[in-house]
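# Architecture at a glance
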Amino acid sequence: MENRQTRPIGIFDSGVGGLTVMRAIIERMPGEDLIYLGDTARVPYGNRGAETVRCYAVNAAALLERHQIKALVVACNTASAYGLAALRDKLSIPVFGVISPVARRAAILSESGSIAVLGTRGTIRSRAYQRALLELRPELDVHPVACPLLVPLAEEGWLDGTVTQQVLEHYLADLVPTEVDTLILGCTHYPILRDAIAGVTERLLTGPTTLLDSARATAEAVAQKLGDAGLLKETDAEGTRQFLLTDLPEGFVETAERFFGRPLQQECEHVDIVDTTGE
Ligand code: DGL
């Protein structure tokens, strides 16, 4: 392909969570062609070890590279935490993670200097958010909270109600005595739980709290960088969308549409992911 501008942007996540990022990218850059890869055969990534997640991320990127993508968006916080450096090393195209863009916004917005980060066990264990935030503002007080039950609740569509609220109250209880005024939804599954999180936060915490998700901040970062590099498609026509999945579990489309916020329209294509990390 001659013209790099007209190539698609590749987006990948362990499963459906990254669709919240794809949705934000479509809102910000409707003309871009997008290929989404959900590694549904190996989801969840959030409870796995660092090396496993890194290998999965490298495999996913290799598959998307075969589709001539012009940029890669790692639409998973866990894979961004563990795989970004390896991917930037291996690929010659721009690679975006979901952590730095939202960390930057949080560091700018927080007035109290006290920021909470909700994420998977893996993301929290990696300390990637703490590193990103403290590099930007060393005096920040960062409160990491691992929330392993939120991914299954989001996937089951338990977006509010007693159980979800009790789980959130349990996770957010440690934040009660803090000055937290900014809360990062550090997992791409969490934006669909935003209303429930906002409700519990409002009830538990003393002051007003701003909720930031990595989807919108990442879409903005991608638009700016690709724009600056002259890599955006110059067209008003709606871009094409392709969905590749490493497994097609029953009920997938219904769950995916909840995260995507609109009908998928295109068929989901089954792909086999090849482990290339041992080469
Ligand atoms: N969406 C993934 C993230 O942002 C979490 C889902 C999983 O555990 O695979 O970290």
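Further up the page is the structure itself.
Residues numbered from 1 in each chain as written. Predicted model: local features only at pLDDT ≥ 70, side-chain atom pairs only at ≥ 80, totals over all residues. Heavy atoms only, no water.

### Focus on the pattern of salt bridges
Note the threshold: For this document, the term salt bridge refers to a Lys or Arg side-chain nitrogen within 4 Å of an Asp or Glu carboxyl oxygen. The rule is simple: take the accessible area with a 1.4 Å probe, protein chains only, and divide by the maximum for that residue type; under 20% is buried, over 50% is exposed, in between is partly exposed.
Enumeration over the complete set of coordinates arrives at ten salt bridges. With its nearest N and O atoms 3.0 Å apart, the salt bridge here joins Glu 139 to Arg 137. Between Asp 213 and Arg 216 there is a salt bridge; the shortest N-O distance is 3.7 Å. Take Arg 216: its relative accessible area is 54%, and that puts it in the exposed class.

### A few points about the sheet that holds strand 5 (residues 114-119)
Note the threshold: Strands qualify as paired when DSSP identifies two bridges or more between them. Numbering of helices and strands runs from the N terminus; a helix is a DSSP stretch of H or I covering at least four residues, while a strand is a stretch of E covering at least two. Working convention: axes come from line fits to C-alpha atoms, limited for helices to the stretch in contact. Angles between N-to-C directions cover 0 to 180 degrees.
The strand order 6-5-7-8 describes an open sheet built from four strands, whose pairing is parallel. Strands with a single pairing partner mark the edges of an open sheet, and in this sheet they are strand 6 (141-146) and strand 8 (210-213). Strand-to-strand twist of the sheet, defined as the mean angle between neighbouring strand axes without regard to direction, takes the value 20°. Relative to strand 8, strand 7 (residues 182-185) runs parallel, the two being bridged by four bridges. What sits directly across from Leu 183, in strand 8, is Leu 211.

### A closer look at the nonpolar core
Most often, soluble globular proteins have nonpolar side chains that are buried together. Spelled out, the test is: In these notes, a set of buried Ala, Val, Leu, Ile, Met, Phe, Trp, Tyr and Cys residues joined through side-chain atoms within 4.5 Å is what counts as a nonpolar core. Here a residue-residue contact requires only that any non-hydrogen atoms of the pair lie within 4.5 Å.
Judged by nonpolar contacts, the single largest core of 56 residues is most densely connected at Ile 11, Leu 19, Met 22, Leu 150, Leu 183, Tyr 190 and Ile 197. With residues near it in sequence (within four places) discarded, Leu 19 still touches Tyr 36, Phe 243, Ala 256, Phe 259 and Phe 260. Core analysis: the next-biggest nonpolar cluster, separate from the first, contains 43 residues, Leu 37, Leu 63, Val 74 and Leu 244 among them.

### As for the sheet that holds strand 3 (residues 71-74)
The strand order 4-3-1-2-9-10 describes an open sheet built from six strands, whose pairing is parallel. For this open sheet the edge positions go to strand 4 (95-96) and strand 10 (268-270), each flanked by a neighbour on one side alone. Summarising the sheet, strand 9 (residues 241-245) and strand 10 pair through three bridges and their orientation is parallel. For Phe 243, the partnering residue across the bridge sits in strand 10 and is Cys 268. Lying on the sheet, helix 1 (residues 19-28) is in contact with strand 1 (9-13), strand 2 (34-38), strand 3 and strand 9; it crosses strand 2 at an angle near 170°.

### Here we look at the side chain of Asp 13
Put simply, the test is: Under the rule applied, a polar contact is a pair of N or O atoms within 3.5 Å (in protein, one hydrogen donor and one hydrogen acceptor; residues adjacent in sequence only if both atoms are side-chain atoms).
By the element assignment, Asp 13 lies in strand 1. Reaching out from Asp 13, the side chain makes a polar contact with the side chain of Ser 14 at a distance of 3.5 Å. What Asp 13 contacts, discounting residues up to four positions off in sequence, is Gly 18, Tyr 36, Leu 37, Gly 38, Asp 39, Ala 75, Cys 76, Thr 188 and His 189.

### Structural notes on the packing of helix 4 (residues 99-109) against helix 6 (residues 128-136)
Stated precisely, the cut-off is as follows: For classification purposes, an angle smaller than 35 degrees is called roughly parallel, one larger than 145 roughly antiparallel, one from 65 to 115 roughly perpendicular, and anything else oblique. For any pair of crossing helices, the crossing counts as left-handed if the nearer helix is rotated counterclockwise from the farther one by less than a right angle, and right-handed if it is rotated clockwise. For this classification, Asp, Glu, Lys and Arg are treated as charged, while Ala, Val, Leu, Ile, Met, Phe, Trp, Tyr, Cys and Pro are nonpolar and the rest, including Gly, are polar.
Contact geometry of helix 4 with helix 6 gives a least axis separation of 9 Å together with a crossing angle of 45°. For the element pair helix 4 / helix 6, the angle class is oblique. The crossing of helix 4 and helix 6 is right-handed. Seen from helix 4, the contacting residues are Ile 99, Val 102, Ala 103, Arg 104, Ala 106 and Ala 107; seen from helix 6, they are Ala 128, Tyr 129, Ala 132, Leu 133 and Leu 136. Residue composition of the contact of helix 4 with helix 6, by class: ten nonpolar, no polar and one charged.

### Structural notes on unusual backbone geometry
The bulk of non-glycine residues show a negative phi, and the bulk of peptide bonds are trans. Of note, the bond from Val 43 into Pro 44 is cis; its omega dihedral lies within 30 degrees of zero at 0°. Here Pro 44 is to be found in the loop between strand 2 and helix 2 (50-65). In this structure, Gln 68 is a non-glycine residue whose phi angle is positive, near 60°. Within the secondary structure layout, Gln 68 lies in the loop between helix 2 and strand 3. You will see that Arg 127, though not glycine, has its phi angle at about 60°, which is positive.

### Comments concerning the packing of helix 4 against helix 10 (residues 214-228)
Helix 10 packs onto helix 4 with a crossing angle of 105° between their chain directions and a minimal axis gap of 8 Å. If you check the angle between helix 4 and helix 10, you find them roughly perpendicular. On helix 10, the residues touching Pro 101, Val 102 and Arg 105 of helix 4 are Ser 214, Ala 217, Thr 218 and Ala 221. In the contact of helix 4 with helix 10, the residues fall into four nonpolar, two polar and one charged.

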